[in-house]
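Next come the chains, spelled out residue by residue.
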Amino acid sequence: MQFWEDVDKGLDDIESFYAKKGQSIDRIRLFSRTAQGELPPPQGTVSKHEPSEEHIENLTAKPFWDTGADKELFPWAEELEANAHIIKEEFERNLMNKKLFSADSVWQNQIMGRGWSAVRLQRLGIWNADNIKVFPGTYQILRTLKIPLAVRGVCFARQSPGSGVAPHSDGRNFILTSHLGLKVPDGCWIKVGEEEKSWEVGKILTLDTSFLHSTGNDSNEDRHVLILDFWHPELTEAERAALEFIYDLRNKFER
């Protein structure tokens, strides 16, 4: 298949470059073989962990991560929470613009259910030029913090009253997801694996979506969060570069 032939060629160049820094991409080579079906699909390491064939071996897997407890792994988290009021105020100023939430909704509703909609700010490393003009403060904060954003990037997400996201796994164990609470009525929850939590306004909730996860909004108001997908902190610089190359290339093939 042409895509994987091009992947192999690109990985050769990345491997050569990072070998000079003493970094290996052996786990990415295994990822490639598993994704192509040459190796058996991975098995979950704990209850309700359901990784897909797009998998990096030997990464820590747990439903929730405490970003505040490990500043070395998440050096950007504390400052993001410190600036949460700026993001929240900017979001609330634009909340009445219903058109903002329509762009991702058709595709996402097939996966996330009818009550979920989003405003996309970034995907695959590309910032949405129109939307960052609407949210310049949020954009500036996220750029300044240098969060290692991955694949799906950044979006504002809304969960309407009485709706929820059915249990599902996103599969990719090498991406973690943080939710920054913006508006969280009582009765809103998220379950990841066997653990259930709620969001707090101005606070980060970080999860591994390769676990079965679901959400619910049992209130009579919308729930809003800012969602950030980022590379698992145990990936090396070389592995991140290789994965970025693979998914950028896939995006070009799928256009």
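Everything discussed here concerns the structure shown above.
What counts and what doesn't
- Residues numbered from 1 in each chain as written.
- Predicted model: local features only at pLDDT ≥ 70, side-chain atom pairs only at ≥ 80, totals over all residues.
- Heavy atoms only, no water.
- Helix = DSSP H or I, 4+ residues; strand = E, 2+ residues; numbered from the N terminus.
- Buried < 20%, exposed > 50% of the residue type's maximum accessible area, 1.4 Å probe, protein only.
- Pairing = 2+ DSSP bridges.
- Axes fitted to C-alpha atoms, helices over the stretch in contact; angles between N-to-C directions.
- Parallel < 35°, antiparallel > 145°, perpendicular 65-115°, else oblique.
- Contact = heavy atoms within 4.5 Å.
- Arc of directions from axis to C-beta.
- Salt bridge = Lys/Arg side-chain N within 4 Å of Asp/Glu carboxyl O.

Engineer: Kindly report on unusual backbone geometry, identifying the contributing residues and their values.
Structural biologist: The backbone of K48 sits at a positive phi, close to 65°, despite the residue not being glycine. With respect to the element layout, K48 can be found in the loop between α2 (26-35) and β1 (64-65). If you check the backbone angles, N58 has positive phi at about 65° while not being a glycine. Here N58 shows up in the loop between α2 and β1. By relative accessible area, N58 is classed as exposed at 66%.

Engineer: Tell me about the sheet that holds strand β5 (residues 164-168), and name the residues and values.
Structural biologist: By way of backbone hydrogen bonds, the strands of a sheet pair with one another, either parallel or antiparallel. Taken in spatial order, the four strands line up as β5-β10-β7-β8 in an open sheet, and their pairing is antiparallel. Every other strand in the sheet has two partners, leaving β5 and β8 (195-197) as the edge strands with one partner each. Each strand axis lies, on average, 15° off the axis of its neighbour in the sheet, ignoring direction. Here five bridges tie strand β7 (residues 188-192) to strand β10 (residues 213-217), and the two strands are oriented antiparallel to one another.

Engineer: Tell me about the packing of helix α1 (residues 2-19) against α2, residues and numbers included.
Structural biologist: Helices that pack against each other are described as a pair by the angle of their axes relative to one another and the distance between those axes. Two elements in contact, α1 and α2, have axes whose closest approach is 11 Å; the angle formed by their N-to-C orientations is 175°. In terms of orientation, α1 lies roughly antiparallel with respect to α2. Judged by residue contacts, W4, D8, L11, D12 and E15 of α1 engage D26, I28, R29, S32 and A35 from α2.

Engineer: Explain the sheet that holds strand β3 (residues 126-127) residue by residue, including any values.
Structural biologist: The seven strands are arranged β1-β9-β6-β11-β4-β2-β3 in an open sheet whose pairing can be described as antiparallel. Of all the strands in the sheet, just β1 and β3 have a single pairing partner and so form its edges. As paired elements, strand β6 (residues 175-183) and strand β9 (residues 204-207) share four bridges and run antiparallel to each other. Bridge pairing in β9 places T177 opposite L207. Sheet contacts for helix α4 (residues 84-93): β4 (149-159), β6 and β11 (223-231); angle to β6, the most-contacted strand, approximately 65°.

Engineer: Provide a residue-level description of α2, including the pertinent values.
Structural biologist: Residues lying three or four places apart along an α-helix face the same way, a consequence of the helix completing one turn every 3.6 residues. For α2, the complete set of buried residues consists of R27, I28, F31, S32 and T34. When α2 is viewed along its axis, its buried side chains cluster within an angular range of 165° and face the same direction. Considering only its buried residues, α2 is in contact with α1 and α8 (237-254). Positioned one or two residues after α2, G37 has a phi angle of 85°, which is positive.

Engineer: Tell me what's going on with the pattern of salt bridges, and back it up with residues and numbers.
Structural biologist: Counted by the stated rule, this structure contains 14 salt bridges. Where R29 meets E15, a salt bridge forms, and the shortest distance between an N and an O atom there is 2.8 Å. Taken as a pair, R29 in helix α2 and E15 in helix α1 lie far apart in primary sequence, 14 residues in all. Classification of R29 by relative accessible area gives partly exposed; the value is 22%.

Engineer: I'd love a proper account of the pairing of strand β2 (residues 116-123), names of residues and values included.
Structural biologist: With seven of eight residues buried, β2 lies mostly within the body of the structure. In this sheet, β4 lies alongside β2 in antiparallel orientation, the contact comprising six bridges. Directly across from R120, in β4, lies its bridge partner C155. When β2 meets β3, the two strands line up antiparallel, connected through two bridges. By the bridge assignment, R123 is partnered in β3 with I126. Two successive antiparallel strands, β2 and β3, enclose a turn made up of two residues, where L124 displays a positive phi of approximately 50°.

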